[in-house]
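Each chain is listed here by its residues.
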Amino acid sequence: MPITVVTLIVAIVTAGLLLWSAIQTDRVAVSRQKSLVALIVSNLESGVAHDQESVTVWDDAVNALRSRDAKWIDTNLGSWMHTYFGHDQVYILDANDAPVYAFVDGSIVASSSYRSASPMTAPLVLNLRARLKREDTDGVTEQVLTIGASDMAVISGHPAIVSVKPVVSDSGHIAQIPGEEFLHVAIRYLDGSLLTLLRQDYLLEGARFSWVNKLASAEASYPLVDRSGSTIGFFVWQPYRPGTFVLFQLVPILVALCGLVLGGVIVALRALRRRTLKLIESEDRIFQLAHNDLLTALPNRGQFNDRLADALSRLPSTGEQLAVLYLDLDRFKQVNDTFGHPAGDELLREFADRLRRLTTEADTVARLGGDEFIIIKRSVAGEDEVRTLCEHLLESARRPFQVAGAQVFVGVSVGAAFAPRDGLEWVELVRKADVALYHAKARGRSSYAFFATEMDQTLAMRKGLEQDLRSALQAPGQIQVYYQPLYTADTNRMAGVEALARWSHVERGWVAPDLFVPLAEEMGLVEQLGELVLRQACLDAVHWPIETLAVNVSALQLNNPSFAMKVTSILLETQMDPRRLELEVTESTLSQHRTECQQNVEALRSIGVRFALDDFGTGFSSLGRLQTLEVDRIKIDRSFVQGFGHSNGDEAIVQAIIDLARATGLSTTAEGVETDSQCDFLRKLGCDQLQGFLLSRPVPKQEIENLITGATRRASA
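These numbers come from a predicted model, not from an experiment.

*Asks:* Residue-level account of the pairing of strand S24 (residues 667–670), with values.
*Replies:* Here is the key point about a regular strand: its side chains alternate between the two faces of the sheet. Relative to S24, strand S23 (residues 633–636) is paired through four bridges, and the arrangement is parallel. The partner of Arg633 across the bridge, within S24, is Ser667. Note: S24 against strand S25 (residues 689–690), two bridges, orientation parallel. Bridge pairing in S25 links Ala670 to Leu690. This β-α-β element, S24 to helix H23 (residues 676–685) to S25, shows right-handed connectivity.

Have a look at this one:
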């Protein structure tokens, strides 16, 4: 009896513990599934608004609505939203909130059908109109392009998400009266495709919608609540209950092995632990997907924002400072275009690993998307510490990457902002780091900059420069051509010159080429600028006793089918010998394998024009692919020359470039020579030509002619 009683007591206690554990496990599982459903509904509501912005922030949409282009409106603002994003109803309202277009359940309907949805959408429209009239931009970010209004409501007998967005210009060039914009109303039912999503992708068995909270056995529900707090319905499903599942599996064993209750308890606890761990692992996986970048496993933008906001909130109490470093890879697009996206992904993963090794566990390294990364550096002692980190980042990115079986050379630009010096609001701090990054890139590749207040003024100035640049290309004398001599390394003789564009602004003075040349590329003026420089350089140098006139050519120029004819015309017009002209192009331009580019190169080479490869070694697998490029000379990028003596292997890279050039019959020119030691070392390595501030800065035509005259006199003496 004692043994039996004890056995029964143990069995009862064990059964009670198992039942309690199963109930607790089921409760946690159901609670987590409810949180998951809440997250899905929240993401869906913001997703509908995001879907709208793909067509409502668009000049073409504004113009089409103003002209009442019915076909365009239906294709882009109605049918597209239904077929691609799954929106069930779409309406477009004019400035008086009258419907001008209606699309319901897969087809265009009469505009009057909007009356059925108007009672639910009217408050949202009224609210949005008021915000637009007072030009309220609260909530607009880099991801949210325009303000909007959204809510849940019952539409046509369906629970639905209703979102209203204004149709605005993406360029800002179309004048619109605030508050009188066309409005785009999107409605997506919550009892249609979303239920399939819940069942298939999130394994919510038997997911359905119910107007009332009447649940069958073992069902759970989540209320859909609108902005006013009213419940419009419920999502109902049969939650996965791991505890109950395990308990029912163990019942036959407990009955059959009543004498081995203690052993059964151990088995049950182990099985329960495995099930619980699987559930935890599943939850961890969901958390990982929501907060980390899938490619690099770094924190994503959302997790970065949370960490930065938390770190900034602690600064006033700790008295410390932190730095935000915004990073952007140089030439990453060229790697993607040449080797494909898998190679680009491989490069991003390797770069992320290098960032981890350069930071501490207290820091945060995140990927914002594309080739943009960002670092939160905590407990910063001062600018010198961040400056050292930036230099290490630049040096790390300049080391070759092994991707797609080849060596790839890229670089990184870094912009930094400090808290609390530059502010304690995380959005503003990131913006200032981004502004600093822009200035770092404007200086040239592989550079870094710290935010300063005058940088904001520079950005404002840049906008004004756009119109001024258009005028400068039409006004004689503003765009001038300067020339930087090219000297032979062994005899120090001037062998040629490189033509460089310089802008003398009537009010601002000299504008840096690093500012206006990229600006010309963005504005589509680089071909006009390049033609101006080429013509003036040929006119100036036609009678100079030099072997080479080097002129830079952009990818846009070389891909223009008429480029070879334009160059030939300028040579004939100026009577310039084609054999003296050397066009400098980047490696990525020649590697695009476009028919226009190849035909232009072949046509120009056939009349004697030579080609040089500019900024060699900073792109992708230059060494392995050099023999396939139709060039006569390679120009070693200044970043390698300036790296001499810093123990980062630049000397070995330059030696390899020169040796390979000799083996393939090409000449070499080293850019950025600024010291005597660099000059002497390049001579020892066998470089053919030297160019840099040590020898001569870019100078106007008259000074070049003085240099040539002086050299001629010395030679005759």
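*Asks:* An account of the sheet that holds strand S9 (residues 231–238) is needed here, citing residue identities and associated values.
*Replies:* The strands that make up a sheet pair up through hydrogen bonds in the backbone, lying either parallel or antiparallel. The three strands are arranged S7-S9-S8 in an open sheet whose pairing can be described as antiparallel. Only two strands of the sheet have a single neighbouring strand rather than two, namely strand S7 (205–210) and strand S8 (220–225). Direction aside, the axes of adjacent strands within the sheet are offset by 20 degrees on average. In terms of strand pairing, S8 meets S9 through six bridges, oriented antiparallel. Directly across from Tyr222, in S9, lies its bridge partner Phe235. Running at roughly 155 degrees to S7, helix H5 (residues 193–200) makes contact with S7 and S9 of the sheet.

*Asks:* I'd like to hear about the packing of aromatic side chains, residue by residue, with values.
*Replies:* Geometrically, a pair of aromatic rings is defined through the distance of the ring centres and the angle of the planes. Enumeration according to the criterion identifies 15 aromatic pairs in this entry. A ring pair is formed by Phe351 and Phe373, whose centres lie 5.2 Å apart and whose planes are at 70 degrees; its orientation type is edge-to-face. Pair noted here: Phe351 is in helix H10 (residues 341–358) and Phe373 is in strand S12 (residues 372–377), with a separation of 22 residues, a long-range link. When the ring of Trp503 is compared with that of Phe516, the centres are 5.8 Å apart and the planes differ by 80 degrees; the resulting orientation is edge-to-face. Taken together, the residues span a long stretch of sequence, with Trp503 in strand S18 (residues 494–505) and Phe516 in helix H14 (residues 513–523) at a distance of 13 residues. Grouping aromatic residues by their ring pairs yields a cluster made of Trp80, Tyr84 and Phe85. Sitting over the face of the ring of Phe401, Arg354 holds its NZ or CZ atom 3.7 Å from the ring centroid. Taking NZ or CZ as reference, Arg697 lies 4.0 Å from the ring centre of Phe693, over its face.

*Asks:* An account of the sheet that holds strand S6 (residues 183–189) is requested, with residue identities and associated values reported.
*Replies:* Reading across the sheet, the six strands line up as S3-S2-S1-S6-S5-S4 and stay open at both edges, with antiparallel pairing between neighbours. The open sheet has two free edges, formed respectively by strand S3 (107–108) and strand S4 (149–155), since each of these has just one partner strand. In this sheet, S3 lies alongside strand S2 (residues 99–104) in antiparallel orientation, the contact comprising two bridges. The residue of S3 that forms the bridge with Phe103 is Ile108.

Criteria and thresholds
- Residues numbered from 1 in each chain as written.
- Predicted model: local features only at pLDDT ≥ 70, side-chain atom pairs only at ≥ 80, totals over all residues.
- Heavy atoms only, no water.
- Pairing = 2+ DSSP bridges.
- Helix = DSSP H or I, 4+ residues; strand = E, 2+ residues; numbered from the N terminus.
- Right-handed = clockwise from strand over helix to strand, strands pointing away.
- Axes fitted to C-alpha atoms, helices over the stretch in contact; angles between N-to-C directions.
- Contact = heavy atoms within 4.5 Å.
- Phe/Tyr/Trp six-rings, centres within 6.5 Å; stacked < 30°, edge-to-face > 60°.
- Lys NZ or Arg CZ within 6 Å of the ring centre and 35° of its normal.

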